[in-house]
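Structural characterization, general
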Amino acid sequence: MAEDGEKKAILQMVQADGADEGCVTYVFHEEDHTLGNSLRYMVMKNVDVEFCGYSNTHPSESKINFRIQTRGGIPATEPLRRGLTDLSDVCQHILNTFQARVDEFKEKQEQPME
């Protein structure tokens, strides 16, 4: 357990002894279905990913186990990193589009009615 003032790891990598780098479970602390489902979708779009899934450990715990298995000896960290980057790009696009529409709406509200 992390002591006061010490930061707890947000992400842990769990790998069985003797397992290859293409079969890894990541533990995301302080996360839930919001990240799990959207990240799973982004990772599964990668053709090198054979399996990707996640589970909540328990309803009272805020952490998820996120499993990735890849084809061709590709390390599981690569599709995870790409999935996180792609998800971040999608979220940024949504935020930019939303802000543009809000700005357009505010401009229309400021114009006098005819």
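All of these numbers come straight from a predicted model, not from anything done at the bench.

Digging into the sheet that holds strand E3 (residues 49-56)
Strands pair in a sheet through their backbones, by hydrogen bonds, and they do so in one of two ways: parallel or antiparallel. Overall, antiparallel pairing links the four strands, which are arranged E1-E2-E4-E3 in an open sheet. A single partner strand is all that each edge strand has here, and the edge strands are strand E1 (11-14) and E3. For this sheet, the mean angle separating the axes of adjacent strands, direction not counted, is 20°. Here seven bridges tie strand E2 (residues 23-29) to strand E4 (residues 63-70), and the two strands are oriented antiparallel to one another. Note that in E4 the partner of Tyr 26 across the bridge is Phe 66. Helix H1 (residues 33-44) contacts E2, E3 and E4 of the sheet and is inclined by roughly 175° relative to E3.

As for the nonpolar core
Core analysis: the largest hydrophobic core is formed by 15 residues, its most contacted members being Tyr 26, Phe 28, Leu 39, Val 43, Phe 66, Ile 68 and Leu 80. Looking at this core, the elements that each hand over two or more residues are E2, H1, E3, E4 and helix H2 (77-110). Among the elements that make up this core, the one with the highest residue count is H1 (four residues). Look past the residues within four positions of Phe 66 in its chain and what remains in contact with it is Val 24, Thr 25, Tyr 26, Phe 28, Gly 36, Leu 39, Arg 40, Val 43, Cys 52, Gly 53, Tyr 54 and Leu 80.

Criteria and thresholds
- Residues numbered from 1 in each chain as written.
- Predicted model: local features only at pLDDT ≥ 70, side-chain atom pairs only at ≥ 80, totals over all residues.
- Heavy atoms only, no water.
- Pairing = 2+ DSSP bridges.
- Helix = DSSP H or I, 4+ residues; strand = E, 2+ residues; numbered from the N terminus.
- Axes fitted to C-alpha atoms, helices over the stretch in contact; angles between N-to-C directions.
- Contact = heavy atoms within 4.5 Å.
- Core = buried A, V, L, I, M, F, W, Y, C linked by side-chain atoms within 4.5 Å.
- Buried < 20%, exposed > 50% of the residue type's maximum accessible area, 1.4 Å probe, protein only.

These results come straight from atomic positions and should not be treated as a statement about function.
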